[in-house]
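Understanding the architecture of this molecule
One-letter residues, chain by chain:
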Amino acid sequence: MTGPRNSAAQSDWAAQIKGRIRQRYTRLARGGTFPTGGAQRLLAAGYPADAVDGLLPALMDAYSGCGYAVPESGLENISVAVELGAGAGVDTALLAQRLPPQARIIAVDLTPAMLERLRTSLPPTPEGALVFAVAGDMEALPLPDGVADLVTANAAFTLCTDKAAAFAEAYRVLKPGGHLVARDLIREGPLPREVLEDPLSDATSLGGVVTQADMEKCLKTAGFSDIRIGDPRPFSYVVSVRLETRRAD
Ligand SMILES: C[S@@+](CC[C@H](N)C(=O)[O-])C[C@H]1O[C@@H](n2cnc3c(N)ncnc32)[C@H](O)[C@@H]1O
């Protein structure tokens, strides 16, 4: 997804796509029209069985990620995690269970209806982290610099109309030494005609899928170090990958 060259047209184009994304995810959040499958879909996406066991069906039914990316280790010293494009909160719930009780998770999403669903379907986490739902655009986060020890995202960067801005924002809100751990989509060649000719594909996860080289370029330009992109899994016409990197300075 690159959009028109003229900058006024570019910003109209981005605003229209974000409007369509909000419409689509509002419908999903309110109408329950997610692909069915719940726990089975999570297991097929690579979630460990013990993680899935404790989740409420209302959460699993609203999953729209592209694979398992919740960090398993190094969580004991985290005081603030930011989840970008959190959706209805499967990964938020899993992260909340794993973080220490005094930790905070700021779950950001462009679609307020998704955050409403997140607030109402998260299990109570008396032992885990506190979750704050914040409506916002991950290309211009409503958060201060250097607030997070960890930034996570699942199938969210792919929907951004300005991926360089989204990665730069992830970097900005991380503390020096903080980590970005995400699952997202890359393409290994041109997108197929069905996707390119679908005027609504920019509002699904597919229309904006970039190559691994473009993703790495955005991450490096943002300032990230030790970039690791791996664990490829087929996802519709493209590939889902795990991304891990960190802010060094
Ligand atoms: C494919 S869904 C994934 C949701 C969730 N991460 C999951 O795994 O179920 C993408 C989510 O990103 C949100 N989103 C899309 N563009 C965004 C942006 N620019 N800023 C913040 N959230 C965005 C959508 O509203 C949607 O909830």
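Residues numbered from 1 in each chain as written. Predicted model: local features only at pLDDT ≥ 70, side-chain atom pairs only at ≥ 80, totals over all residues. Heavy atoms only, no water.

Side note on the state of the cysteines
Cysteine pairs can be linked by a disulfide, which is a covalent bond between their two sulfur atoms. For the structure shown, the criterion picks out zero disulfides. For the unlinked cysteine Cys160, the closest cysteine sulfur is that of Cys218, found at 10 Å. (Disulfide = S-S within 2.5 Å.)

Details of the layout of surface pockets
In this structure, the largest pocket spans a volume of roughly 400 Å³. Those elements that place two or more of their residues in the lining of the largest pocket are helix 1 (7–31), helix 2 (39–44) and strand 6 (225–235). In terms of residue class, the lining of the largest pocket is made up of eleven nonpolar, seven polar and three charged. (1 Å grid on protein atoms, 1.4 Å probe; cavity = no way out; pocket = protein on both sides within 12 Å on 5 of 7 lines; lining within 4 Å. Points joined across faces, edges and corners; volume = space filled by probe spheres on them. Helix = DSSP H or I, 4+ residues; strand = E, 2+ residues; numbered from the N terminus. Nonpolar A, V, L, I, M, F, W, Y, C, P; charged D, E, K, R; others polar.)

Some words on the site of the ligand
Taken together, 22 residues lie around the ligand, and Ser64, Gly85, Asp109, Thr111 and Met138 are the ones closest in. Taking Leu110, its main chain carries an N or O atom lying 3.1 Å from a nitrogen atom of the ligand. One of the backbone N or O atoms of Asn154 is found 3.0 Å from a nitrogen atom in the ligand. In isolation the ligand exposes 590 Å². Once the protein is present, 99% of that is buried. A majority-of-atoms criterion places the ligand in the largest cavity. Ranked by residues supplied to the shell around the ligand, first place goes to helix 1 with three residues. Residues of the shell around the ligand, tallied by class, amount to ten nonpolar, eight polar and four charged. (Near = heavy atom within 4 Å. Polar contact = N/O pair within 3.5 Å; in protein donor to acceptor, adjacent residues only side chain to side chain. Areas by Shrake-Rupley, 256 points an atom, 1.4 Å probe, with all protein chains shown as cover. Sits in = over half its atoms within 2 Å of the grid points.)

Here we look at empty space enclosed by the protein
In total, this model carries two cavities of 30 Å³ or more according to the counting rule given. The computed volume of the largest cavity comes to approximately 410 Å³. Lining the largest cavity we find 30 residues, and of these Gly85, Gly87, Asp109, Ala155 and Ala156 sit closest to its centre. Looking at the lining of the largest cavity, the elements that each hand over two or more residues are helix 1, helix 5 (90–98) and strand 2 (104–109).

Side note on unusual backbone geometry
Phi is mostly negative for residues that are not glycine, and the peptide bonds are mostly trans. Residue Asp226 is not a glycine yet carries a positive backbone phi of 50°. Considering the arrangement of structural elements, one finds Asp226 in strand 6. Judged by its relative accessible area of 47%, Asp226 is partly exposed. The phi dihedral of Ser236 is positive, around 50°, even though this residue is not glycine. With respect to the element layout, Ser236 can be found in the loop between strand 6 and strand 7 (238–246). For Ser236, a relative accessible area of 56% translates into the label exposed. (Buried < 20%, exposed > 50% of the residue type's maximum accessible area, 1.4 Å probe, protein only.)

Things to note about helix 1
The terminal C-alpha atoms of helix 1 lie 36 Å apart, and with 25 residues this matches the ideal 36 Å at 1.5 Å per residue to within 8%. All buried positions along helix 1 are accounted for by Trp13, Ala14, Ile17, Lys18, Ile21, Tyr25, Leu28 and Ala29. In the core, the buried residues of helix 1 are packed alongside helix 6 (112–121). (Expected span 1.5 Å × (residues − 1). Contact = heavy atoms within 4.5 Å.)

Observations regarding the packing of helix 7 (residues 163–173) against helix 9 (residues 212–222)
Where helix 7 contacts helix 9, the two axes come as close as 8 Å, and the packing angle between them is 45°. With respect to their mutual orientation, helix 7 and helix 9 come out oblique. You can see that helix 7 and helix 9 cross each other, and the crossing is right-handed. Here Lys163, Ala164, Phe167, Ala168 and Tyr171 of helix 7 come into contact with helix 9, specifically with Met215, Cys218, Leu219 and Ala222. Looking at the contact of helix 7 with helix 9 residue by residue, the class counts come to eight nonpolar, no polar and one charged. (Axes fitted to C-alpha atoms, helices over the stretch in contact; angles between N-to-C directions. Parallel < 35°, antiparallel > 145°, perpendicular 65-115°, else oblique. Left-handed = near helix turned anticlockwise from the far one by under 90°.)

Topic: the side chain of Asp91
With respect to the helices and strands, Asp91 occurs in helix 5. Among buried charged residues, Asp91 stands out as having no salt bridge; its nearest opposite-charge side chain is Arg98, 8.5 Å away. Reaching out from Asp91, the side chain makes a polar contact with the side chain of Asn154 at a distance of 2.8 Å. Setting aside residues up to four positions removed in sequence, Asp91 forms contacts with Tyr47, Val70, Glu83 and Asn154. (Lys, Arg positive; Asp, Glu negative; His and termini not counted. Salt bridge = Lys/Arg side-chain N within 4 Å of Asp/Glu carboxyl O.)

As far as function goes, none of this settles anything; it's purely spatial.
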